[in-house]
Every structure is written in C-alpha cells, then in structure tokens.
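Chain by chain, the residues:
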Amino acid sequence: MSLRLEDLPVELLRELVARVRQAVDYSPRDGVTCPLCRTGRRPGQDMGVIKTMAWHGSLRERYHACRVCGHRFKSVQSC
Ligand SMILES: [Zn+2]
C-alpha cells in the first residue's frame, strides 16, 4: 500500500473525521452501518453492540465495536 494519509487532500480527511465522529442512526429492523468500513448488519448479528443505554426521552444510545474493522462508534435510536 503506497498511499499514505499525508497524500490525501485535507478536504477528504475532514470528511472522514466528520463521518466517523457522527453518531449513526440505529434501526431496530436493519441495525447499523459501520461509519468507517461501511459494513452493515448481517443476519443474526448485532453488529458488535458493547453497551445499550437506557431510553433518554425518545432517544436511546448504543455503543458498538465493528466486527470487521474494530472501529468504535455510537448509534442513536429514536422512537
Ligand atoms: Zn467497520
């Protein structure tokens, strides 16, 4: 792999950082998609849920560790 982060335009890096920082939507039916490697939930898997928080008003947060790339991210479910 010859491409390095230093070679990428700063606009692209900024977009990447924004994407991985943002909480993703959680769907009770479809689960979540990893913001880093874009792996979606697979049948019978919970997409690496580490922690499920209590409902806070109409929102519920979950913490995930992607089973494919290991990226840790947060999801938000709203009812
Ligand atoms: Zn991933």
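What you are looking at is a predicted structure, and each value in this text was computed from that prediction instead of being measured.

### A closer look at the overall build of the chain
Step number 1: Broken down by element type, the chain carries 1 helix and 4 strands.
Step number 2: Along its sequence from the N terminus, the chain presents helices and strands in the succession α-β-β-β-β.
Step number 3: Based on the C-alpha atoms only, the size of the chain along its principal axes is roughly 45 × 25 × 20 Å.
Step number 4: In the chain, which comprises 79 residues, the share counted as buried stands at 13%.
Step number 5: Here the contacts in the chain between residues at least 6 apart in sequence split such that 39% fall between residues at least 24 apart.

### Remarks on unusual backbone geometry
Step number 1: Of note in this structure, R38 is not a glycine but carries a positive phi near 65°.
Step number 2: Considering the arrangement of structural elements, one finds R38 in the loop between β1 (24-25) and β2 (49-52).

### A look at the pairing of β2
Step number 1: With 3 bridges joining them, β2 and strand β3 (residues 59-65) adopt antiparallel strand pairing. Looking at β3, one finds that K51 is bridged to Y63.
Step number 2: Counted between consecutive antiparallel strands, the loop separating β2 from β3 contains 6 residues, among which G57 sits at a positive phi close to 65°.

### Section: the sheet that holds β3
Step number 1: Within the open sheet, the 4 strands sit side by side as β1-β4-β3-β2. Their pairing is mixed. Each of the sheet's edge strands pairs with one partner strand only, and the pair in question is β1 and β2.
Step number 2: Direction of pairing for β3 relative to strand β4 (residues 72-78): antiparallel, over a ladder of 7 bridges. Residue pairing across strands places R60 opposite Q77, the latter belonging to β4.

### So, the environment of F73
Step number 1: Residue placement: F73 occurs in strand β4.
Step number 2: In this structure the C-alpha to C-alpha distance between F73 and I50, which are 23 residues apart in sequence, comes to 9.9 Å.
Step number 3: Ignoring anything within four residues of it in the chain, the contact list for F73 reads V20, V24, C34, P35 and H64.

### Quick notes on the environment of W55
Step number 1: With respect to the helices and strands, the residue W55 is situated in the loop between β2 and β3.
Step number 2: Judged by C-beta crowding, with 11 C-beta atoms within 10 Å, W55 ranks as exposed.
Step number 3: Separated by 21 residues in sequence, W55 and V76 have C-alpha atoms that sit 10 Å apart.

Rules used in this analysis
Residues numbered from 1 in each chain as written. Predicted model: local features only at pLDDT ≥ 70, side-chain atom pairs only at ≥ 80, totals over all residues. Helix = DSSP H or I, 4+ residues; strand = E, 2+ residues; numbered from the N terminus. Buried ≥ 20, exposed ≤ 12 C-beta atoms within 10 Å, placed from the backbone. Contact = placed C-beta atoms within 7 Å. Pairing = 2+ DSSP bridges.

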